[in-house]
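Each chain, written out:
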Amino acid sequence: MPFNDIELQRIKKIVGGFCEEKIPDHHRSQIKVFYEVRGYDVKIIESRPDFMRNYEWTETQIARLKYYPDAFVWQLYWMRASGKWEKYAEFKPTNNLQSLIEEIEKDPYCVFWG
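Since the structure is predicted, the reported quantities are computational estimates derived from the model, not experimental observations. (Residues numbered from 1 in each chain as written. Predicted model: local features only at pLDDT ≥ 70, side-chain atom pairs only at ≥ 80, totals over all residues. Heavy atoms only, no water.)

**So, the overall build of the protein**
Our working definition: Numbering goes from the N terminus for both helices and strands, where a helix is a DSSP run of H or I of at least four residues and a strand is a run of E of at least two. The globule rule used here is 2.2 Å times the number of residues to the 0.38 power, and the radius of gyration it is set against is calculated over C-alpha atoms. Only protein chains enter the accessibility calculation, which uses a 1.4 Å probe. A residue is then buried if its area is under 20% of the maximum for its type, exposed if over 50%, and partly exposed in between. We call two residues in contact whenever any of their non-hydrogen atoms come within 4.5 Å of each other. Residue exposure ignores everything except the shown protein chains as possible cover, and the areas themselves are Shrake-Rupley values with a 1.4 Å probe. His residues and chain termini do not enter the charge count, which takes Lys and Arg as positive and Asp and Glu as negative. By convention, the point assigned to a charge is CZ for Arg, NZ for Lys, CD for Glu and CG for Asp.
Looking only at helices and strands, the protein features two helices and five strands. Over its C-alpha atoms the protein spans a radius of gyration of 14 Å, differing by no more than 12% from the 13 Å that the globule rule assigns to 114 residues. A principal-axis box enclosing the C-alpha atoms of the protein has dimensions of 45 × 30 × 25 Å. The buried share among the 114 residues of the protein stands at 34%. Within the protein, counting contacts between residues at least 6 apart in sequence, those at least 24 apart form 35% of the total. Counting only carbon and sulfur atoms, one obtains 51% of the accessible surface of the protein, whose full area is about 7600 Å². The protein carries 17 positive and 18 negative side-chain charges, and their two centres are separated by 3 Å.

See the structure below:
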C-alpha cells in the first residue's frame, strides 16, 4: 500500500519545502524544481526551457528517494548518465527523510546537481 495522507503531508513538508526553496522566485520562469510520488518512490525533478525550443520544457531527474516499508527506511538513488538509477552508496538507508534532503543539497560528490 502506498503512502497514507499523513505520510504524504510529511513528504510535502520536507521534499516539497526543499523544492520550493531551491529556486529563488525571480528565476522560476527559467527553472523549476518539483517532486513526484509514485508508490513508494519520491523523485525530485528539475525542469527548464529547452535550449533549442524555449517554448518546450525539458525535465531532468535529480534524485530518487525510495521507501522500503518492511524495513522502515529510505534509500537514496542518483541518475547515471546511462539513465539508470544507482544507489547512493555514500549514504546508508535511514528512517530520516530530512537527512536525505540535506545530502542532496550538499551534493559532495556532484551526482545530483553536477
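Following the structure, the description resumes.
**A few points about the environment of V33**
Of note, V33 is situated in strand 1 (residues 32-38). A relative accessible area of 10% places V33 in the buried class. Along the sequence, V33 and E46 sit 13 residues apart, while their C-alpha atoms lie 4.5 Å from each other. Other than its neighbours up to four places away in sequence, V33 contacts C19, K22, I23, I44, I45, E46 and W113.

**As for the pairing of strand 1**
Inclusion rule: A pair of strands is treated as paired once DSSP finds two or more bridges between them.
Bridge analysis of strand 1 against strand 2 (residues 41-49) gives seven bridges, and the strand direction is antiparallel. By the bridge assignment, V33 is partnered in strand 2 with E46.

**Examining unusual backbone geometry**
Despite not being glycine, D107 has its phi angle at roughly 45°, a positive value. By secondary structure assignment, the location of D107 is in the segment after helix 2 (97-106). Residue D107 is classed as buried on the basis of its relative accessible area, which comes to 7%. Positive phi is not limited to glycine here, since C110 has a value of about 55°. With respect to the helices, strands and loops of the structure, C110 is situated in the segment after helix 2.

**Side note on the packing of aromatic side chains**
Selection rule: Each pair of aromatic rings taken from Phe, Tyr and Trp, with Trp reduced to its six-membered ring, is defined by centres within 6.5 Å and is described as stacked if the planes are under 30 degrees apart, edge-to-face if over 60, and tilted in the remaining cases.
Considering all chains together, one arrives at eight aromatic pairs under this definition. Centre to centre, the rings of Y67 and W74 are 5.1 Å apart; their planes meet at 55°, and the pair counts as tilted. Residues Y67 and W74 agree in their burial class; the two are buried. Aromatic side chains Y88 and Y109 sit 6.3 Å apart centroid to centroid with 65° between the ring planes, which places their arrangement in the edge-to-face category.

**Regarding the pattern of salt bridges**
Under the convention used in this document: Salt bridges are defined by distance alone: a side-chain nitrogen of Lys or Arg within 4 Å of a carboxyl oxygen of Asp or Glu.
The tally for this structure, following the rule as stated, stands at nine salt bridges. Put simply, R64 and D41 hold a salt bridge, and the shortest N to O gap is 3.2 Å. Of this pair, R64 sits in strand 3 (residues 57-68) while D41 is found in strand 2, placing the two residues 23 residues apart along the sequence. A residue is classified by how much of its surface remains accessible, and D41, at 13% relative accessible area, is buried. The partner of K66 in a salt bridge is D41, and the shortest N-O contact between them spans 3.5 Å. Of the two residues, K66 is situated in strand 3 and D41 in strand 2; the sequence distance between them amounts to 25 residues. Salt bridges here are not isolated pairs; linked through shared partners, they connect E20, D25 and R28.

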